[in-house]
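# Tertiary structure, described
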Protein chains: 2
Amino acid sequence: MSKMNIVLGIDIGGTNTSFGFVDRAGTIIAETSMETKSNDAVEYFVTRLHHRIEEIRTGLPSHHLCGIGIGAPNANYYRGTIEKAVHLNWGGTVDFVGLIRKYYTIPVSITNDANAAAIGEMLFGNARGMKNFMVITLGTGLGSGIVVDGRLLYGNRGFARELGHTMVDPAGRRCRCGKKGCLETYASAAGLVKTALLLITERCDPSPLRAMDFEEITSKVIFELAQKGDEIALEAFNQTAKILGMKLADAVALTGPEAIFLSGGLSMAGDILLKPTQQYMEDFLFSAYKGSVKLMLSGMAPGKSAILGAAALIWSELDL
Amino acid sequence: MSKMNIVLGIDIGGTNTSFGFVDRAGTIIAETSMETKSNDAVEYFVTRLHHRIEEIRTGLPSHHLCGIGIGAPNANYYRGTIEKAVHLNWGGTVDFVGLIRKYYTIPVSITNDANAAAIGEMLFGNARGMKNFMVITLGTGLGSGIVVDGRLLYGNRGFARELGHTMVDPAGRRCRCGKKGCLETYASAAGLVKTALLLITERCDPSPLRAMDFEEITSKVIFELAQKGDEIALEAFNQTAKILGMKLADAVALTGPEAIFLSGGLSMAGDILLKPTQQYMEDFLFSAYKGSVKLMLSGMAPGKSAILGAAALIWSELDL
């Protein structure tokens, strides 16, 4: 009997790294995660990772591993590197694909995590059959993956496209990137919390938020209160949606997607975020584009999209 | 002796239509222009255009016409149409390529004028050899042509990408598109004039502008005063550059060009516009992109870029 082809999808985060073996249909055959421990040297991380991969792989004797896809912060697709990743203490430029190739001779590709999510959406999610779309990952920050004519838009140097660092207000909130007023300081889980805190000071509406410690106020808490009709929480979502909708309209003007998919933790707010964002985006769209762009939730299972995206990256290359 | 291959490049504007016969090296062999008279029916325009084309073509017996490229406002590349063009009184959707094909059986293509300028820059101008770049046309409005991986970025429906209608200020200047605060109401010849008029009211600096009629104050007048050190004129350029630089930084974040070329009437201001725009763009760029994007003037001769762009559009397709 011939072996079934599978790939390995690896998602590297500042705290945890998860990976899974994925078949061409997008089924995760086996998966696990480990601590990234990025204060240790990257060589040590890759050794540990290889060890864990092989532990699981020996349990899959009827499968043939034919490629490895990796999603990581600040990954450069062209160079196979991770460069100056803030949450990974590995220094300037790490030849990550080179390190993996010491253990594996099969094809290896790396890209930024939002790009991986976009390829995942195209192969396994709601963007199947689409040639022009965007995926916006709304977590602590805001990541973006843009597909044009069926291919990821990398631009000149292979880095991710960064909708999250486009400008909302030059005098606005300080961003971890060093600039002020970036979109992700408003439209992200962390941005929503900041907006809610500001609203508590600016408005008089009663709200259970007023009785909470600062650290208790998370995007999840705000979402749950919004579901119950809390005015502060609803207005925090409304203001987030307005800014996000405005910048999505700009992104439509520049890249012409047929649909925009929201993924990541904050997208689990569903219609409370999606509906006003769609409305504001529509208001801000140039007349020729009005009514032409769908705003939808990602079709990838929450918590699986990072592994599936990394797997989709390498499947999309093996398919060529 | 074999005939030399040439194409016809046609630039359709609200007032005038110009066209020229162009060889593969970008030399205009012959050219002329005529009134568009767009209050007449489009069929009548095409009949007149055909007549004028043939008048000139009979003078070129040693050349072989192998394609027609057209640049026009609101042109749809995929459909070959001109749709709801504000300055062309031809109604909703005109099958312009279909009308031209009644007279010519050779390949015909149409696109928006800024897109044509971008292909012209790639074939005949300063973008030769580049795969990722943008062309910004600064005239009465602001047009944009974006090239990614060596191909024009059309997006889902074949319309132009409209950097000019991205948002600067939702409560800002009324735009002819119906929205408020679009970039082109600030960064264009008309936008510069508006900014100068505002500065006259807001500032106390003496300036010859204060002695002029409103209608005398053009972008050319402001440029000439800026060259002489007029504070109001210089500040008008500075504010224009700041807004343009900020939105160019956003566009870099989304599409990753190696260079951005300014063309159109306002770009003739040269360093007075270019230098501060480059500086502001650099300030607003996300750290990973800093220092990676050149801002330059178009390499196409002013006044020739529209015909050359339209010719380049069809040359680029004949080359495939």
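Preceding block: the structure.
Residues numbered from 1 in each chain as written. Chains lettered and ligands numbered in written order. Predicted model: local features only at pLDDT ≥ 70, side-chain atom pairs only at ≥ 80, totals over all residues. Heavy atoms only, no water.

Bringing unusual backbone geometry into the picture now. One can expect most non-glycine residues to show negative phi and most peptide bonds to be in trans. For D149 of chain A, which is not glycine, the phi dihedral falls at a positive 50 degrees. Inspection of the secondary structure puts D149 of chain A in the loop between β10 (142–148) and β11 (151–152). For D149 of chain A, a relative accessible area of 30% puts it in the partly exposed group. One non-glycine residue with positive phi stands out, namely N74 of chain B, at about 55 degrees. Examined against the element boundaries, N74 of chain B turns out to sit in the loop between β4 (63–71) and β5 (75–76). (Helix = DSSP H or I, 4+ residues; strand = E, 2+ residues; numbered from the N terminus. Buried < 20%, exposed > 50% of the residue type's maximum accessible area, 1.4 Å probe, protein only.)

Okay, the relation of the copies chain B and chain A next. Superposition of chain B onto chain A requires a rotation of 180 degrees combined with a translation of 0.0 Å along the rotation axis, giving an RMSD of 0.0 Å. Seen this way, the second copy is the image of the first under a two-fold rotation axis. Counting the interface residues of chain B, we find that 100% of their copies in chain A are interface residues as well, pointing to one common contact surface. (Least-squares fit on C-alpha atoms with pLDDT ≥ 70 in both. Contact = heavy atoms within 4.5 Å.)

Time to look at the side chain of T195 of chain A. Assignment of secondary structure puts T195 of chain A in helix α4 (residues 189–202). Those residues in contact with T195 of chain A, other than ones at most four positions away along the chain, are R173, A236, Q239 and T240 of chain A.

So, on to the environment of D319 of chain B. Positionally, D319 of chain B belongs in the segment after α8 (305–318). Distance from D319 of chain B to R24 of chain B, taken between C-alpha atoms, is 9.7 Å for residues 295 residues apart in sequence.

It is worth spelling out the pairing of strand β2 (residues 16–23) of chain A at this point. Residue and element names in this part refer to chain A. Here β2 lies mainly inside the structure; 6 of its 8 residues are buried. For strand β1 (residues 4–12) and β2, the ladder comprises 7 bridges, and the chain directions are antiparallel. Bridge pairing in β2 places L8 opposite F21. Count of turn residues in the β1/β2 antiparallel hairpin: 3 residues. (Pairing = 2+ DSSP bridges.)

To continue, consider the nonpolar core. Counting 107 residues, the largest nonpolar core has I222 of chain A together with I222 of chain B as the members making the most contacts within it. When residues no more than four places from it in sequence are discounted, the contact partners of I222 of chain A are L192, V193, A196, L209, I217, A233, A236 and F237 of chain A. The next biggest cluster of nonpolar side chains, apart from the first, holds 33 residues, and it includes F19, F45, L65 and V108 of chain B. (Core = buried A, V, L, I, M, F, W, Y, C linked by side-chain atoms within 4.5 Å.)

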